[in-house]
Amino acid sequence: MDNIRVMMVDDEPLIRKAVKYEMNERGVEVERHAEGDLSTEKRRIEMVDTFASGPSLMAVLETAETPDYVLVDMEFQGEPTGGLLITRRLHERYPDIKIIIFSGRFDNPLSSENNRTRRINEIGSVVMEALRLGASAFVSKNAAGGFSIENIIRAIACLERGEQFYFNYPVMLTLKEAAEHYFALVGTQAGIEVSDTERDLLLLEAAGCTASEISSKLGESDKAIQERQKDLSRRLDIVNKSAARVAKALSLGLIAPTDIHFLPRS
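Quick look at the structure, then. (Residues numbered from 1 in each chain as written. Predicted model: local features only at pLDDT ≥ 70, side-chain atom pairs only at ≥ 80, totals over all residues. Heavy atoms only, no water.)

1. Here we look at helix H7 (residues 196-207)
Logical step 1: A rise of 1.5 Å per residue sets the reference length of H7, with its 12 residues, at 16 Å; its end C-alpha atoms lie 16 Å apart and thus fit the reference within 8%.
Logical step 2: Most of H7 sits out of view: 10 of its 12 residues are buried.
Logical step 3: The set of residues buried in H7 consists of Glu198, Arg199, Asp200, Leu201, Leu202, Leu203, Leu204, Glu205, Ala206 and Ala207.
Logical step 4: Downstream of H7 by a residue or two, Gly208 has a phi angle that is positive, lying close to 105°. (Helix = DSSP H or I, 4+ residues; strand = E, 2+ residues; numbered from the N terminus. Expected span 1.5 Å × (residues − 1). Buried < 20%, exposed > 50% of the residue type's maximum accessible area, 1.4 Å probe, protein only.)

Shown next, in the form of structure tokens:
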């Protein structure tokens, strides 16, 4: 039986080296239910390669055998959610690869109960955005006593058993609250959905781009962008103004504040 092939993207060389060494040194096997059969089969987890950036991973995937899983660090090269961009591109190009997001961003305990609402909103929006972009699991980098690959192994084991999603976080109650809050917020959308291009348009508007700048970045004509803006305003039931579109999109959870990268003041 072939091994479960895993690749990893993380900008920390020590993390890449440690995870690859420990994963392969342990030789962990996990059970998988054979499709259409009640019997199980065991497959060994193998970390076949690691990468310092998304482009380097994508370049190798052009010619290499496709892995079963890709482990993606969420906080990437100074961007708190930079790994989500990698997740999006990877899922669009290779939808059969299961993506596991891992991060230590939410591991620190809350400084006070006053921060709970902010933390719940932040966790909810980030985790659900990761799922929307194609991730199958969201796990913590940390464990009792320091960094461990146990969370990664558990995620793979659960997904191999046929579970659709897996979460492993020290503050599970907070994560549960965040998910419930976010689902309640999304529930107010009344079926409103936006395409990836429309979402990019909203984020560019939120960043402060002009119509011509948006046209250039999205590779569409000014007229096509104007038609998209009018259609979005109509579906959102608001006046045809960029500020109104951005405000409504944020309130409905169609875009997340963490994904907005504001243009520098000139």
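Back to the write-up after that little detour.
2. Here we look at the packing of helix H9 (residues 222-236) against helix H10 (residues 242-252)
Logical step 1: Across the interface, H9 lies against H10 with an axial gap of 10 Å and an inter-helix angle of 50°. Between H9 and H10, the interaxial angle falls into the category oblique. By crossing handedness, the relation of H9 to H10 is classed as left-handed. Across from Gln229, Leu232, Ser233 and Leu236 in H9, the residues of H10 making contact are Arg245, Lys248 and Leu252.
Logical step 2: For the contact of H9 with H10, the class distribution of residues is 3 nonpolar, 2 polar and 2 charged. (Axes fitted to C-alpha atoms, helices over the stretch in contact; angles between N-to-C directions. Parallel < 35°, antiparallel > 145°, perpendicular 65-115°, else oblique. Left-handed = near helix turned anticlockwise from the far one by under 90°. Contact = heavy atoms within 4.5 Å. Nonpolar A, V, L, I, M, F, W, Y, C, P; charged D, E, K, R; others polar.)

3. Overview of the environment of Ala247
Logical step 1: Turning to its location among the elements, Ala247 is positioned in helix H10.
Logical step 2: Considering only alpha carbons, one finds Ala247 and Leu202, 45 residues apart in sequence, at a separation of 9.8 Å.

The values are spatial; any link to function lies outside them.
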